[in-house]
Every structure is written in C-alpha cells, then in structure tokens.
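The primary structure of each chain is shown beneath.
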Amino acid sequence: MCGIVGYVGNKNAQDFLISGLRRLEYRGYDSAGIVSLDGNGEPTLLRAKGKISNLEEKLAKNKREDKIGIGHTRWATHGEPSEVNAHPHRAGKIFLVHNGIIENYKELKEQLKKSHEFKSETDTEVLAALINSFYGDGKYPLLNAVVQALKLVKGTYGIAVVSTDLPDEIVVARSGSPLVIGVGNDETLIASDASALVGHTKKAIYLNDGEVAVVTKNNINIKTLNAEPVSAKVEEIETNLSAIQKGEYEHFLLKEIMEQPESLIETLRGRVNVETGTVRLGGPGLTNEELRQIKHLVIVGCGTAYHAGLLAMYYIEQFAPEISIETVIASEYRYRQAYIPKDSVALIVSQSGETADTLACLRGIKKQGIKTIGIVNAIGSTIAREVDGGTYVHVGPEISVASTKAFTSQVVAMVMFGLTIAQAKGVKPGILRPYVEEIAKLPEEISRVLTEMKEPIKEIANKYIKYDHAIYLGRDVAYPTVMEGALKLKEVAYVDANAYAFGELKHGPLSLIDDRFFEMALILDGELYDKTVSNTQEVLARGGHIVAITNVAGFDLPAEDVVKITTDLKIFVPILMNLIMQLFAYYVTVAKGYNVDQPRNLAKSVTVE
Ligand code: AGP
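Cut-off values and rules
Residues numbered from 1 in each chain as written. Predicted model: local features only at pLDDT ≥ 70, side-chain atom pairs only at ≥ 80, totals over all residues. Heavy atoms only, no water. Helix = DSSP H or I, 4+ residues; strand = E, 2+ residues; numbered from the N terminus. Rg over C-alpha atoms; globule rule 2.2 N^0.38 Å. Buried < 20%, exposed > 50% of the residue type's maximum accessible area, 1.4 Å probe, protein only. Phe/Tyr/Trp six-rings, centres within 6.5 Å; stacked < 30°, edge-to-face > 60°. Lys NZ or Arg CZ within 6 Å of the ring centre and 35° of its normal. Pairing = 2+ DSSP bridges. Right-handed = clockwise from strand over helix to strand, strands pointing away.

1. Considerations on the overall build of the protein
Across its full length, the protein holds 17 helices and 26 strands. Here the C-alpha atoms of the protein give a radius of gyration of 25 Å, agreeing with the 25 Å that 2.2 N^0.38 yields for 609 residues. By its C-alpha atoms, the protein is 80 × 55 × 45 Å across when sized along the principal axes. The buried share of the protein, taken over its 609 residues, is 61%.

The structure is reproduced here in structure tokens:
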C-alpha cells in the first residue's frame, strides 16, 4: 500500500508534501516523489528510490514557492523500487499519484502504446496515459478525462491528478484505496490517511468508493463517476500530533508497546462496569434479542488481527454457551465456498480498516445477509464505514508496521463482544464476572509487567540474536499467543520463527530441534500445566535452547532463560506473556541494527491483494 498527499492553497506546497510523506512513510517506503506547479503550471518533478530522506536531498536543490502539488511514497507492486517507477507519473500535461492496483493495465497499455512512450513498468503510468488520452492536451476538462479513464479501469485506486494547464486544482478519486480531503482555511489537503493532516486541519472528508472530486484552495466539489453530486460529510480528525510522533522513544514500535496500558484504557472507556460485573458495547447496535439469536461467530482478519481473533475465540468459547466460532484468514476465506448459517454474526478485525483481503471478505459476507461487526482502530476507515455495526478499539494511530497495542485491544474488544452475547443469553453473572474483573485490571497489570520486564528482556534478547530460526510453543490460549509472538520476530527481526501447538510437536516439528533453533515456550499455570511441562522436557531432551515464559513460581526446568511473570490474573495471562514476546522481538531487532518501524518488504496496511 502507498501513501498519497496533495496540497493546494496559499502556503508552500513542497513543505506540506514532504512533511505529509514523512507521516505516511510507514505505508510504503521503497521510493517516493513529488511534483509541484508554479503559477504558470511549470512543473518541478522530483523522485528518488529509497527513503524520503533521499527525496529531501533532491528537494533541497529544487526548492520552489509553488502553491500546488501532489506526492507519493511507494510500496512496489508493479516494477521494482526505482526512480523511474516512483510516482508521480507523467503523461503529457498530466501528473498522477496512485495507491492500488490496475488489474487490466496490460490490455490498456497495449492500446496506449501508440500514443504514449512508456518509461516505467508500473500500472500507474498506464492510468496516467489513459487519462491523458481523454484529456486531449487540455481540450477536455481534467475531471471528465479522469472519469472517462476510470470507467475503463478494473482494480483499485486512490488517486490525485494535476495538469500543468490548471495550477489551482487537483482531481482526486477512490475505489478500494482510502483517500481523505483535509478542509483548511484557504487551503485544501489530500492524504491517504488522516495522520498526514494532523496539525494542519481537524476537518476531514472521507471519499467513498466510486466518488471523484475537484478540489481547489477554497472549494471541494464531489461527484460520483456518473456525475451525481455528493454532499460532503465533514468529520472531525480525532488524532493529535503527539499520537503520531515518537516522543521520548527511539522507535514507534517501543512507544506503541509501552503505551499499551493507556491504549487499553481507551478501549475499555465507558464499556466496563466492575460493580455489576458487566460490559456494554453500544457500537455493534445489536438488540438483546438479536444477541440471543446468535449461534455462530465468524471472525475474519489477517496477520495480527487473525491471531487476535483466534485468541478471542478460545476465550469466548469458555463462557458463551452453544456458540460455534470459526476464526479465518481473510485471504483464504474470501475464495472459499463457506456456508454461513443465518444465525451468525461476523466479526471483521482490522487495525487499519483498509486491508484489501479483509474488506473483500466483509463485502462477501454482507452479500450473504450476515450481520457484520467491525473491530477496527482507524476511525472513518473503509471497513469501519461498511460494517453494519462495530467497536472501535481507540488505541490511537499505530505507526510501526508491526502491530502491538492493536492486538491487545482487539482481543479484549472481541472478548467484551462475547460477554455481551453471554449476558444477553443469561449466562450466570458468577461465570462472567471474573472476565470483567480481569479486563478491568489488565491496564495496571500490563503497566507493571512492561516496567518490570523491559530491561531483563533486553538482556535476554541480546543472547539470541545469533539465531536465524526459532520455534514458538504454546497450548490452549497460549497457542494463538505464540503465533502472534512468532510473527513479531519474523516481521521485524527477519528470523524464521514459527509457532506450533505444544501438543503437535511430537507429530513432526520435533525433528527440527537442533542448535540452529531456539525455542520460546509459554508455560501457563492450570490444568494443562503438567502436559506443558512434559512437552518442554521433550524439547530439552533433544538439546533445545529454551526461553520459558511462565506464571508458575515453582517452574524449575533447566531452560536456558526463564521469564517469570508474577500476577494474580488467571485468565488473561497470555496477554501479559505477549508483551514479553513483543519486547523480545523489539530488542533482537535493535541489536541486529534493522529498521524497527519499517521492516523490509512490508507496509503497515496491505490495501492490495
Ligand atoms: C502485524 O504486525 C502485521 N503488520 C500485519 O500482519 C497486519 O496485522 C495485517 O496486515 C492486518 O492489518 P490490519 O489489522 O490493518 O487489517
């Protein structure tokens, strides 16, 4: 997924474009570019491979006082990261930046080769040439040319377009990739997400799929592709500057790990009543009768969101009677011919609210007439706006590509949704109260564990940076938890870390154990403790190098490192154990000197399939 910015107003466009791209760099960062136009439409096009800083070096030699421009930071889909493939792309007088995928770009390119000399391998340059083929060197209005072109496009797009004929207007459009318009005083700002607008304006208009707009510094005219006028709904941008800055931390990842007490408090705000031992979620918008009718839950997500759904499934099964739950990977589920019983509800889990596979599942499930509930963080995101109801997790912007605080709050939000079902079904309060009480205690417990464990985990992590392979092990609620822990180490430290259910080890993976690997083992107190201990001994007997994370004070197996978590929680201990694995992944990555917040090959939200 890529980052798009645009500016038209009375201030310096290049300054906003660069600062906006810096805010969006987490969305894609293998190349970047901007184009600005002076009052006569004279363009200054600057593009660079790699980080925004490379683009800034070029800008320093090409500063202009231009008042209009567009910019882009890229996560490559078609064509390698390079200057020639970087956006903006030009065709005649047209400059275009694009987030998404033009699926029929090859056939369009064949048709356009006669009129346009292609320089890049990108699908975006094809779209620029297509728009230009309708623009006719300025014979037709830019908006009409964009609309005509988009009607021939199959795929997804969020675009911003300028023409050297019109150094006072930007045309934007979206279908499947987010685009937000910032309403300023005598200026209008464009971005792929609101974080680029923070500090410039608090008023935003979120374009919907199939909408196109012409924006100038003091006018925003939105239409559908069929030229029907759209009345703009101006919304408040909730984020503030400190939420999108690292502050005292060296990396966003550590900041977002350490702010989990506060972010979870925001998730719980107004939703938990310890006195009555109940929770209340207004967002899903389901009546008690509708809640009582629910027999099946389908929980849909990708990556960390999927792991959160798996963990929530284990918990909800513990207290919600006669409910079958299936947690699925969105990119698989969207192509399955899965039958969903009518008395189902689907939980659509997504931090960004823009993940293409998850969005596709949402749309497919809605077509089956199943009610969809969003468990989303990004306010106003596409998924948040298309679900039937939902619960925002309110953790604030999550900038680091590796998701941390969102996971914790997604799990708790879904457990609270399960509790509302159980409450409606008349489950005895005595069964539900322990969950509510522990949820209320979690922020404080998270704060204590993070404070106590930060330094010890840093020391332990430094002992394991020599390993390129790891096996993460857990049983029951610890199994989805180690899946998440392994993903963290994989995505930021590039370690081949894979999670297995402890009980599965002897069915194959045990053969892997040798000095190439270390093992991360979650050992929970409770009825499965003895089995887990014997599984751990199986690993030790084969020379395993174990990091054991446990809440059992008496645990005394000869693991290489033992991390003992003292807590009076009994239910949500895996949430605390996950903090340890988050810190472990962070410190291993720092010790390796890798880019903690922008790991190679990844982007924060994958809005392409
Ligand atoms: C998590 O650390 C990853 N960055 C990734 O797996 C992410 O969770 C996944 O892409 C889903 O994103 P979403 O929650 O924004 O839908």
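Moving on from the coordinates now.
2. Looking at the packing of aromatic side chains
One pass over the structure, following the stated rule, counts twelve aromatic pairs. Considering the side-chain rings of Tyr315 and Phe572, the 4.8 Å spacing of their centres and the 55° angle between planes classify their relative orientation as tilted. Pair noted here: Tyr315 is in helix 9 (residues 303-319) and Phe572 is in the loop between strand 26 (561-564) and helix 17 (573-592), with a separation of 257 residues, a long-range link. Judged by its relative accessible area of 0%, Phe572 falls in the buried class. An angle of 70° between the planes, with centres 4.9 Å apart, marks the rings of Tyr586 and Tyr587 as edge-to-face. Residue Tyr586 shares its accessibility class with Tyr587, and that shared class is buried. By the ring-pair criterion, three or more aromatic residues cluster together here, those being Tyr464, Tyr467, Tyr472, Phe518 and Phe584. The ring of Phe118 has Lys109 sitting right over it, with the charged end atom 5.1 Å from the ring centre. Sitting over the face of the ring of Tyr494, Arg600 holds its NZ or CZ atom 3.8 Å from the ring centroid.

3. Observations concerning the pairing of strand 23 (residues 496-501)
Burial along strand 23 is one-sided: the residues Ala497, Ala499 and Ala501 are buried and none of Asp496, Asn498 and Tyr500 is. Judged from the six bridges that link them, strand 22 (residues 469-474) and strand 23 form a sheet pairing that is parallel. Along strand 23, the bridge assignment pairs Leu473 with Tyr500. What joins strand 22 to strand 23 is helix 15 (residues 478-493), and the crossover it makes is right-handed.

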